[in-house]
Amino acid sequence: MPTVKSLEDLKRIREEALKKREIKNAPGTVQLVVGMGTPGIAAGARETLKEILDFIEEKRLPNITVRQTGNIGMDSWEPIVQVIIGEEPVVTYGKVTPYVARQIMEQHVVSGKKVTQNIIPA
Amino acid sequence: MREIALHLLDLAENSVSANAKKIVITICEDYRADLLTASIEDNGKGMSPELVKKVTDPFVTSRTTRKVGLGIPLLKEAAEESNGRMVITSTLGAGTKVEVTFQHSHIDRMPLGDLPATFLSLVIAHPGVHWVFHYSVQPPGDAEKMDFEFDDQPIKDTLGDVPLTDPDVLAYVRGMLEEGIKSTQFVEDKQLFDFKRRR
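Keep in mind it's a predicted model, so treat the numbers as computed, not measured. (Residues numbered from 1 in each chain as written. Chains lettered and ligands numbered in written order. Predicted model: local features only at pLDDT ≥ 70, side-chain atom pairs only at ≥ 80, totals over all residues. Heavy atoms only, no water.)

Mind showing me how you'd approach the overall build of chain B here?
Regarding its fold elements, chain B presents 7 helices and 6 strands. A separation of at least 24 residues holds for 62% of the contacts in chain B among residues at least 6 apart in sequence. Accessible surface, chain B: about 9,700 Å² in total, of which carbon and sulfur atoms supply 50%. (Helix = DSSP H or I, 4+ residues; strand = E, 2+ residues; numbered from the N terminus. Contact = heavy atoms within 4.5 Å. Areas by Shrake-Rupley, 256 points an atom, 1.4 Å probe, with all protein chains shown as cover.)

Rendered as structure tokens:
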């Protein structure tokens, strides 16, 4: 791993990202929202978020935005992750450990198959 | 919560909900003075003196009017348990600063925890906020003070419309934070440290 991170490196990364975008013609964008209120953090939401970011980096997934939100109001289900793909309705997952986060990324985000056992019943 | 880094993540969330546009997190480990100081300063909407008094008391804040929950009382208690304290200064309309100190060597002081993970989640998940992180360490004896500063503005200016969640950008920012903090940290016993990390 290179030890010096300069803005020149970042400029190069940016050029490459823009090139990739032209080729790919962006499919549906994916939005992931992680609940990061006090209960979420206490339940391990940071590790869940970290796993999601590691997965994006590892599998080199484009067009994913990751956001944090405060307390969603379902403390016993924390950590909570919401998945919004394109125009589809929001899917809210509960008890998302890093392991479950990886399942959601692999099955729902990449292959479009929901991880049913962790969906919070409406 | 088991780490100071997690508490900082929690407090930063308060600053974000107070509509802060710039948030500065400063952590200083001073082995000479036996002090660990962490502070978070924002330019959000601030609090009235009455509210400042209330936020540290978990039983006074009522759910409908509250701006903060259990986060602040929990951290205050953690600081006081290890011979430290919490000071909140706030000006309505100008911003808030929360500072906590701990006796560095106190047996009950919780570990600093995973600072890179905390910083990375904040930078990535709140791209609308200008984040600045300072981490400095004054080792014991004659060793020189080590400093690490991270400011996300130059990165965002360079990126333009390329998102922070682009895989390569993510790797860049993560590497920057991890390497910067690792090279600033003071390790008392290198072998013991590596042993703990492997477990």
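We are not done yet, so read on.
Please explain helix H3 (residues 45–59) of chain A as it appears in this structure.
What sets the pattern is the α-helix's 3.6 residues per turn: residues three or four places apart point alike. With 15 residues, H3 of chain A should cover 21 Å at 1.5 Å per step; its first-to-last C-alpha distance of 21 Å lies within 8% of that length. In the segment just after H3 of chain A, Arg60 of chain A is the residue with positive phi, at about 55 degrees. (Expected span 1.5 Å × (residues − 1).)

Would you mind showing me how to read the interface of chain B and chain A here?
When the parts of a complex come together, some accessible area is lost, and that lost area is often used as the size of the interface. Each partner contributes to the interface: chain B provides 42 residues, whereas chain A provides 38 residues. Between chain B and chain A lies a buried interface of about 3,300 Å² when both sides are counted; carbon and sulfur atoms form 60% of it. The tally of links between chain B and chain A comes to 5 salt bridges. The partner of Lys50 of chain A in a salt bridge is Glu178 of chain B, and the shortest N-O contact between them spans 3.9 Å. Applying the counting criterion to the chain B and chain A interface returns 12 residue pairs in polar contact (both at pLDDT 80 or more). Mapped by element, the contributors of at least two residues to the side of chain B that touches chain A are helix H1 (4–17), helix H3 (71–81), helix H4 (115–125), helix H5 (153–159) and helix H6 (167–184) of chain B. The element that contributes the greatest number of residues to the side of chain B that touches chain A is H6 of chain B, accounting for 11 residues. Of the residues that constitute the side of chain B that touches chain A, the class distribution is 21 nonpolar, 8 polar and 13 charged. (Buried area = accessible area lost by both parts, 1.4 Å probe. Salt bridge = Lys/Arg side-chain N within 4 Å of Asp/Glu carboxyl O. Polar contact = N/O pair within 3.5 Å; in protein donor to acceptor, adjacent residues only side chain to side chain. Nonpolar A, V, L, I, M, F, W, Y, C, P; charged D, E, K, R; others polar.)

Before we go on, may I ask you to explain the nonpolar core in this structure?
Generally speaking, nonpolar side chains in soluble globular proteins are found buried as a group. Residues and elements named next belong to chain B. In terms of nonpolar packing, the biggest core is built from 83 residues, with Ile25 and Trp131 touching the most fellow members. Broken down by element, the residue count for this core peaks at 8 residues, all from H1. When residues no more than four places from it in sequence are discounted, the contact partners of Trp131 are Ala12, Val16, Ile23, Ile25, Leu122, Val123, His126, Phe150, Asp151 and Asp152. (Core = buried A, V, L, I, M, F, W, Y, C linked by side-chain atoms within 4.5 Å. Buried < 20%, exposed > 50% of the residue type's maximum accessible area, 1.4 Å probe, protein only.)

Would you take a moment to explain the pairing of strand S2 (residues 64–69) of chain A for this structure?
Looking down a regular strand, the side chains alternate between one sheet face and the other. All names here are of chain A. Side chains Ile64, Val66 and Gln68 project from S2 onto a buried face, and the interleaved Thr65, Arg67 and Thr69 project onto a face without burial. Alignment of strand S1 (residues 30–35) against S2, held across 6 bridges, turns out to be parallel. Bridging from a neighbouring strand, Gly35 pairs with Thr69 of S2. (Pairing = 2+ DSSP bridges.)

Explain the packing of H4 of chain B against H6 of chain B here, please?
A pair of packed helices is characterised by two quantities: the angle between their axes and the separation of those axes. All names here are of chain B. Contact pair H4 / H6: the axes reach a minimum separation of 9 Å and the direction vectors enclose 145 degrees. Judged by the sense of rotation from one axis to the other, the crossing of H4 with H6 is right-handed. Taking contact as the criterion, the partners of Leu115, Pro116, Phe119, Leu120 and Ile124 in H4 are, on H6, Leu170, Val173, Arg174, Leu177, Glu178 and Ile181. Class assignment of the residues belonging to the contact of H4 with H6 gives a composition of 9 nonpolar, no polar and 2 charged. (Axes fitted to C-alpha atoms, helices over the stretch in contact; angles between N-to-C directions. Left-handed = near helix turned anticlockwise from the far one by under 90°.)

I tried to follow the side chain of Ser82 of chain B on my own but got confused; where do I start?
Along the polypeptide, Ser82 of chain B turns up in the loop between H3 and strand S3 (85–91). Contacts of Ser82 of chain B, omitting those with residues within four sequence positions, involve Phe102, Gln103, His106, Asp108 and Arg109 of chain B.

When you look at the sheet that holds S2 of chain A in this model, what are you seeing that I'm missing?
Strand pairing in a sheet relies on backbone hydrogen bonds, with the paired strands running either antiparallel or parallel. All names here are of chain A. Taken in spatial order, the 4 strands line up as S2-S1-S3-S4 in an open sheet, and their pairing is mixed. Since the sheet does not close on itself, it has two edges, and those belong to S2 and strand S4 (91–93), each with one partner. With strand direction ignored, the average angle separating the axes of adjacent strands in the sheet is 20 degrees. Across the sheet, helix H4 (residues 98–110) lies against S1, S2, strand S3 (81–85) and S4, angled at about 20 degrees from S3, the strand it touches most.

Looking at this structure, how should I read the packing of H3 of chain A against H4 of chain B?
Relative orientation of the contacting elements H3 of chain A and H4 of chain B amounts to 70 degrees, with a least axis distance of 10 Å. If you check the angle between H3 of chain A and H4 of chain B, you find them roughly perpendicular. The handedness of the crossing between H3 of chain A and H4 of chain B is left-handed. Residues Arg46, Leu49, Lys50 and Leu53 of chain A of H3 of chain A pack against Ala117, Thr118, Leu120, Ser121 and Ile124 of chain B of H4 of chain B. (Parallel < 35°, antiparallel > 145°, perpendicular 65-115°, else oblique.)

Just distances and angles here, no functional claims.
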